[in-house]
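Observations on the model geometry
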Amino acid sequence: DDDAAFFLNDAMASGDPAVVAAALGVIARAHGASRLSKAAGVSRAALYNGLKPGGNPTLATVMGVMKELGLKLT
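Let us look at the structure shown here.

Criteria and thresholds
- Residues numbered from 1 in each chain as written.
- Predicted model: local features only at pLDDT ≥ 70, side-chain atom pairs only at ≥ 80, totals over all residues.
- Heavy atoms only, no water.
- Helix = DSSP H or I, 4+ residues; strand = E, 2+ residues; numbered from the N terminus.
- Buried < 20%, exposed > 50% of the residue type's maximum accessible area, 1.4 Å probe, protein only.
- Contact = heavy atoms within 4.5 Å.
- Core = buried A, V, L, I, M, F, W, Y, C linked by side-chain atoms within 4.5 Å.

Some details on the environment of Ser43
You can see Ser43 is positioned in the loop between helix H3 (33-40) and helix H4 (44-50). Taking relative accessible area as the criterion, Ser43 reaches 42% and is therefore assigned partly exposed. Along the primary structure Ser43 and Asn9 are separated by 34 residues, whereas in three dimensions their C-alpha atoms are 25 Å apart.

Some points on the side chain of Thr61
Within the fold, Thr61 resides in helix H5 (residues 59-69). Sequence-distant contacts of Thr61, that is, excluding residues within four places in its chain, are made with Val42 and Leu47.

Concerning the environment of Ala60
Tracing the chain through its elements places Ala60 in helix H5. The spatial distance from the C-alpha of Ala60 to the C-alpha of Met12 is 17 Å, given a sequence separation of 48 residues.

Overview of the nonpolar core
Judged by nonpolar contacts, the single largest core of 19 residues is most densely connected at Leu8, Leu24, Leu47, Leu51, Val65, Met66 and Leu69. Among the secondary structure elements, those contributing two or more residues to this core are helix H1 (2-14), helix H2 (17-30), H3 and H5. Element by element, the count of residues in this core is highest for H2, at five residues. Among all residues touching Leu51, those that are not within four sequence positions of it are Ala21, Ala22, Leu24, Gly25, Ala28, Arg29, Pro57 and Val65.

So far we have only geometry, and geometry alone does not tell us how the molecule works.
This is how it looks when you write it as structure tokens:
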């Protein structure tokens, strides 16, 4: 979890939304994207499409996934 937070913080520091989405996608896949999509209330396809390199997830998707991963934006 510390590694995931560090990885996401590094992505946020880039200032590039596509990098942030891709990083969150890597973390989501490492934790089981199918399980996370159900828990976050989004379809698996929406999760994969939004959190791929160049993806453009909704804020609801980002917040839902982060909540399920125990991550917070600060």
